[in-house]
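As a plain string of letters, each chain reads:
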Amino acid sequence: MKTWMKTVAMGASIAMLIGAGGCGSSRGGSATSSEASGKDPSSISVGISMPEQQLERWKKDGSNLKQILEKRGYKVILQYADGKVDQQTSQIQNMANQGADIVVIASLDGVATGAAAETAKDNGATVIAYDRMIMNTDAVDYYTSFDNTKIGEMQGEYIVKKLGLDQGKKGPFNVELMSGSPDDNNAKYYFEGSWSKLGQYFESGVLQSRSGKVPKSVDDWQTIGIQNWDRQKAQAEMENRINSFYGDGERLDAVLAPNDALALGTVNAVESAGWDYYPIITGQDAEKANVQAIVQGRQTMSVYKDFRKLADITAGIIDDVVAGKTPKTQETYPNGNKDVPSIMAVPEAVDKDNVKSLLVDSGYISAEDAGLK
Ligand code: BGC
């Protein structure tokens, strides 16, 4: 939706507008282009800082957002931090120094990014935290993401249903739990969501974990975190648990893997154990290799987060800011310093029953890439 093309009421909020592009003039009444607000997208530069390119999702998120914004006329600089926190900090600082009017940041480390966000803000930029919150600073203006607690709930609920716990099955079932990177604020929400579904069954003994790697409370989620969401670390961790606790033929019923990298690491560990079955394995992001693994029955589910939706929401906020309007946000998320106006997109659970209807028919992935042809 091209909000900048809508009628814009000039008002006090124009004073908040940022840097380049001049102050422009109101033609008043019902002008219909962004010029009416005094800001032409072509005079606005947007810096996009993405964390890394190992995961397909960040590549898609970055290139798609860039493309959408360029179509709307913005000047866009897209940079990837290659998994290095210092690199991300200096890239954001450079964007700020070069006069970026808007900076969109998917942080590697939400706490560490705070200082660079402050430089951008001090230089007059509007700062949008993308997917991951920027923590402990006033410098973040907006936050766009998916409902992260809901994602965790979907993963937990999937395990509950597949094992028939909601139908009264008593097990006990063996479940191994992992959480995401300890420095990623999202990982906390994912675990909280999953635990809200699984915790009661661990407490009643219907679920158990032979490795004993179950956080004492939900606040201890980092104790089972996999640093940097690293697939190989997840694989090593699961190989270790399998060899130490499931080598005697005891069945592993399910693994809570909070994203697709950790899910693939788990699939690899299970395959190297040579079992004749796969446990229920959750995931998140619907990456190509994982969609194929779901179709092949090696991974059980993932959570689909349509990068096109997130880009639309983010671009909508940018359009509003540039048009001098206050973006319509839905809710706020705390970042330790303030409650940040936020818009959350809705995630969807995917398994082999809806790969076609959810992912292929929506144009997210081709039938060939999904392994359906
Ligand atoms: C994102 C996930 C992603 C993970 C690893 C999280 O913050 O929300 O989509 O799988 O980071 O990059």
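Analysis parameters
Counting restarts for each chain, with residues numbered from 1 along the sequence as it is written. Whole-chain, interface and lining totals are the exception, using all residues; otherwise, since this is a predicted model, local features are given only for residues with pLDDT of at least 70 and side-chain atom pairs are given and counted only at 80 or more. Side-chain calculation: all heavy atoms of the structure are included, whereas hydrogens and water are not. Note on conventions: DSSP H or I runs of at least 4 residues are helices, E runs of at least 2 residues are strands, and numbering of each starts at the N terminus. Any pair of residues with heavy atoms lying within 4.5 Å of one another is described as a contacting pair. In this description, accessible areas are obtained by the Shrake-Rupley approach with a 1.4 Å probe, and a residue is regarded as covered only by the protein chains that are shown. Take the residue count of a helix, subtract one, and multiply by 1.5 Å to get its expected span. Buried means the residue's accessible area, taken with a 1.4 Å probe over protein chains only, is under 20% of the maximum for its type, while exposed means over 50%, and partly exposed covers the values in between. What the arc covers is the set of directions going from the helix axis to the C-beta atoms. Counted as a polar contact is a pair of N or O atoms within 3.5 Å, where, for protein atoms, one must be capable of donating a hydrogen and the other of accepting one, and residues adjacent in sequence contribute only when both atoms are in side chains. Each salt bridge in this description consists of a side-chain nitrogen of Lys or Arg and a carboxyl oxygen of Asp or Glu lying within 4 Å of one another. For this description, a residue counts as near a given molecule or strand if any of its non-hydrogen atoms is within 4 Å of it. A pair of strands is treated as paired once DSSP finds two or more bridges between them. By nonpolar core is meant a set of buried Ala, Val, Leu, Ile, Met, Phe, Trp, Tyr and Cys residues that side-chain atoms within 4.5 Å join together. These domain limits were set by an automatic method or by a database of domain assignments. Working convention: axes come from line fits to C-alpha atoms, limited for helices to the stretch in contact. Angles between N-to-C directions cover 0 to 180 degrees. When an angle is under 35 degrees it counts as roughly parallel; over 145 it counts as roughly antiparallel; between 65 and 115 it counts as roughly perpendicular; any other value is oblique.

### Quick notes on the overall build of the protein chain
On a plain count of helices and strands, the protein chain comes out with eleven helices and 13 strands. Within the protein chain, contacts between residues separated by at least 24 positions form 70% of all contacts whose residues are at least 6 apart in sequence. Within the structure as shown, the protein chain displays about 15300 Å² of accessible surface, and the carbon and sulfur contribution to it stands at 47%.

### Focus: helix α6 (residues 231–245)
Because an α-helix completes one turn every 3.6 residues, residues spaced three or four positions apart along the sequence face the same direction. Between the first and last C-alpha of α6 there are 21 Å, a value that for 15 residues agrees with the 21 Å anticipated at 1.5 Å per step. Within the sequence span of α6, burial applies to A234, Q235, E237, M238, R241 and I242. Down the axis of α6, the sector holding all buried residues measures 165°, keeping them to one side. Opposite the packed face of α6, turned more than 90 degrees from it, sit the exposed residues Q232 and N243. Where α6 begins, the side chain of D230 points an oxygen toward the backbone nitrogen of Q232, at a separation of 2.9 Å.

### Quick notes on the pattern of salt bridges
Under the defined criterion, the tally for this structure stands at 22 salt bridges. Here D184 makes a salt bridge to R132, at a shortest N to O gap of 3.2 Å. Residue D184 is found in the loop between β6 (173–177) and α5 (185–204), and its partner R132 is found in the loop between β4 (126–130) and β5 (142–146); the two are separated by 52 residues along the sequence. Residue D184 is classed as buried on the basis of its relative accessible area, which comes to 4%. Using a relative accessible area of 9% as the deciding quantity, one classes R132 as buried. Of the charged contacts, one joins E271 and R298 as a salt bridge, the two residues approaching to 2.8 Å between their closest N and O atoms. Of this pair, E271 sits in helix α7 (residues 260–273) while R298 sits in the loop between α8 (288–295) and β10 (301–304), and the two are 27 residues apart along the sequence. Here the salt bridges share partners, and the residues they tie into one network are R57, D61, D131 and K305.

### Observations concerning the site of the ligand
Surrounding the ligand, one finds 13 residues, the nearest of these being R57, R132, D184, Y190 and D285. At 2.5 Å from an oxygen atom of the ligand is found a side-chain nitrogen or oxygen belonging to D285. In isolation the ligand exposes 310 Å². Once the protein is present, 99% of that is buried. Going through the elements one at a time, α1 (56–71) and α5 are the ones with two or more residues in the shell around the ligand.

### Looking at the sheet that holds strand β8 (residues 254–256)
What holds strands together in a sheet is hydrogen bonding between their backbones, with the strands either parallel or antiparallel. Pairing in this open sheet of four strands is parallel, and the strands run β7-β6-β8-β9 from one edge to the other. In this open sheet, the two strands that pair with only one neighbour each are β7 (207–208) and β9 (280–281). Where β8 and β9 come together, two bridges link them in parallel fashion. Paired with V255 across the two strands is I281, which belongs to β9.

### Side note on the nonpolar core
Formed by 73 residues in total, the largest nonpolar core has its most connected members in V46, L69, I102, L207 and I318. Looking at this core element by element, the count peaks at eight residues for helix α9 (residues 307–323). A domain split of this core shows at least three residues from each of domain 1 (41–146 + 306–346) and domain 2 (148–305 + 350–360). Those residues in contact with I318, other than ones at most four positions away along the chain, are V46, L69, Y74, I102, V104 and I128. The next biggest cluster of nonpolar side chains, apart from the first, holds 22 residues, and it includes V127, M133, M135 and V340.

### Looking at the packing of helix α2 (residues 85–97) against helix α3 (residues 113–122)
Put simply, α2 and α3 touch, their axes get as near as 8 Å, and they point 5° apart. On the basis of their axis angle, the class for α2 and α3 is roughly parallel. Contacts between α2 and α3 involve Q88, T89, I92, Q93, A96 and N97 on the former and, on the latter, T113, A116, T119 and A120.

### Thoughts on unusual backbone geometry
Residues G171 and P172 are joined by a peptide bond in cis, for which omega reads 0°. We note that N136 has phi near 55°; this positive angle belongs to a residue other than glycine. Examined against the element boundaries, N136 turns out to sit in the loop between β4 and β5. If you check the backbone angles, W229 has positive phi at about 55° while not being a glycine. We classify W229 as buried; its relative accessible area is 11%.

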